[in-house]
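Listed below, chain by chain, are the residues.
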Amino acid sequence: PTVASGSRLRGRLALALLLSAAGCDAPAPERDPSVAITPLTLPDVSLQAADGAVALRGEGPTLLHFWATWCAPCRRELPRLLRLAEELEGARVLAVTDEPWSAVVAHFGDAPVPACIARDPGGQLARTLGVAALPDNYLVDDGGVARRRVPGSIDAASRAIRAWLSSSGDPR
């Protein structure tokens, strides 16, 4: 290599670095935090809400959020998910726990238990989906078919999650 070819190489490298740095202050595109899973039709389980039984079908796309009162990340994100539940039209959030009502009621203190809190008393739904750690989240279509999973904490402001819930719930 000659001095001239080395200078050209350094010049190209400098230009490449300059061009790549030019876009550094642009926000990164949002990544869909959910992952597709093999579609799984959920069984007819008896979930309990403060005001009665909860159906998994026919209520629009649903974000199933598995949580517990003793789970620190769950306690941090639950208020944001409760706000999301209030904002959604044509979709819903169900925050599901297998804890007794006494623990759930104690968690909310003097406030009433929100309508989107549900109990899975025997843990059948969590076992069917393979929930092994909390929090865990599943996106379920209107027909009761689990289609996507968001492991761990979920960003209630995620455009991808909101878009999925605003759609039919079927990404096909």
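Each remark here, short or long, concerns the structure printed above.
Given the structure is predicted, the values throughout are model-derived calculations rather than measurements.

**Quick notes on the pattern of salt bridges**
Here the structure, examined in full by the defined rule, presents four salt bridges. A salt bridge links Asp44 to Arg57; the shortest N-O distance between them is 2.7 Å. With a gap of 13 residues between them, Asp44 in the loop between strand S1 (35–41) and strand S2 (47–49) and Arg57 in the loop between strand S3 (52–54) and strand S4 (62–66) connect regions that are remote in the sequence. A relative accessible area of 29% means that Arg57 is categorised as partly exposed. As a salt-bridge pair, Glu87 and Arg162 come within 2.9 Å of each other at their nearest N and O atoms. Separated by 75 residues along the polypeptide, Glu87 in helix H2 (residues 72–87) and Arg162 in helix H5 (residues 159–166) bring together distant segments of the chain. For Arg162, a relative accessible area of 27% corresponds to the partly exposed category.

**Brief notes about the packing of aromatic side chains**
For the structure shown, the criterion picks out two aromatic pairs. The interplanar angle of 70° and the centroid separation of 6.4 Å between the aromatic rings of Trp67 and Phe108 together place this pair among those described as edge-to-face. One end of the pair, Trp67, is in the loop between S4 and H2; the other, Phe108, is in helix H3 (residues 101–108), with 41 residues separating them in the sequence. As far as the burial class goes, Trp67 and Phe108 line up, both buried.

Quick notes on the rules
Residues numbered from 1 in each chain as written. Predicted model: local features only at pLDDT ≥ 70, side-chain atom pairs only at ≥ 80, totals over all residues. Heavy atoms only, no water. Salt bridge = Lys/Arg side-chain N within 4 Å of Asp/Glu carboxyl O. Helix = DSSP H or I, 4+ residues; strand = E, 2+ residues; numbered from the N terminus. Buried < 20%, exposed > 50% of the residue type's maximum accessible area, 1.4 Å probe, protein only. Phe/Tyr/Trp six-rings, centres within 6.5 Å; stacked < 30°, edge-to-face > 60°.

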